[in-house]
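Here's the letter readout for the chains.
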Amino acid sequence: MMYKVEFWHTKPIYRKGDLEDTTEYTTIQFSKRKDAKSFIESKLRGLPDVRRDYHTGNTPSHCVGFTNKKWVNENSGETCYECLRFKLTRI
């Protein structure tokens, strides 16, 4: 049985001198659920606002962590928040 962790990191970036947001996407596979869960928890450790929703079986698990860092996107004017999002699924 293999487990897949999808990881999104929304963070600020400067493009052509303007402060914007970008989202990095990463996929990692683990052979054990315990290893996948410990990877997620190591990334969420120390964050001030964390939400966990773990499930067993075929139901995907979701976790979100916020860093309390926010900025205004200079092109759209919307307020953005830095966050880490995880989705753990069995494959």
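Relevant structure appears above.
Rules and cut-offs
Residues numbered from 1 in each chain as written. Predicted model: local features only at pLDDT ≥ 70, side-chain atom pairs only at ≥ 80, totals over all residues. Heavy atoms only, no water. Pairing = 2+ DSSP bridges. Helix = DSSP H or I, 4+ residues; strand = E, 2+ residues; numbered from the N terminus. Axes fitted to C-alpha atoms, helices over the stretch in contact; angles between N-to-C directions. Phe/Tyr/Trp six-rings, centres within 6.5 Å; stacked < 30°, edge-to-face > 60°. Lys NZ or Arg CZ within 6 Å of the ring centre and 35° of its normal. Disulfide = S-S within 2.5 Å. Buried < 20%, exposed > 50% of the residue type's maximum accessible area, 1.4 Å probe, protein only. Polar contact = N/O pair within 3.5 Å; in protein donor to acceptor, adjacent residues only side chain to side chain.

A closer look at the sheet that holds strand β4 (residues 61-72)
- With antiparallel pairing, the five strands of this open sheet are ordered in space as β2-β1-β5-β4-β3. At either margin of the open sheet sits one strand with a lone partner, and together these are β2 (18-30) and β3 (49-53). Between one strand axis and the next, the sheet turns through 15 degrees on average, direction left out of account.
- Bridge count for strand β1 (residues 3-15) against β2 is 13 bridges, and the pairing is antiparallel.

Considerations on unusual backbone geometry
- In this structure, lysine 16 is a non-glycine residue whose phi angle is positive, near 50 degrees.
- A positive phi is found at asparagine 68, a non-glycine position, where the angle reads about 65 degrees.
- Turning to its location among the elements, asparagine 68 is positioned in strand β4.

Describing the packing of aromatic side chains
- This model, assessed by the stated rule, comprises five aromatic pairs.
- Ring centres of phenylalanine 7 and phenylalanine 39 lie 6.5 Å apart, and the angle between their planes is 90 degrees; on these two criteria the pair is classed as edge-to-face. Taken as a pair, phenylalanine 7 in strand β1 and phenylalanine 39 in helix α1 (residues 33-44) lie far apart in primary sequence, 32 residues in all.
- When the ring of tryptophan 8 is compared with that of tyrosine 25, the centres are 5.4 Å apart and the planes differ by 45 degrees; the resulting orientation is tilted. With tryptophan 8 in strand β1 and tyrosine 25 in strand β2, this pair connects stretches of sequence that are 17 residues apart.
- Grouped by ring-pair contacts, the aromatic residues Phe7, Phe30, Phe39 and Phe86 constitute a single cluster.
- Residue placement shows lysine 37 over the ring face of tyrosine 54; its charged tip is 4.5 Å from the ring centre.

A look at the state of the cysteines
- Evaluation of the coordinates by the stated rule reveals zero disulfides.
- Not engaged in a disulfide, the cysteine cysteine 63 finds its nearest cysteine sulfur in cysteine 83; these two sulfurs lie 13 Å apart.
- The cysteine cysteine 80 is free of any disulfide, with cysteine 83 supplying the nearest cysteine sulfur at 9.9 Å.

Some details on the side chain of asparagine 73
- Mapped onto the elements of the fold, asparagine 73 is located in the loop between β4 and β5 (79-90).
- According to the relative accessible area criterion, asparagine 73 is buried, its value standing at 6%.
- One polar contact links asparagine 73 to aspartate 21, side chain to side chain, over a distance of 3.0 Å.

Treat this as a map of the structure, not an account of what it does.
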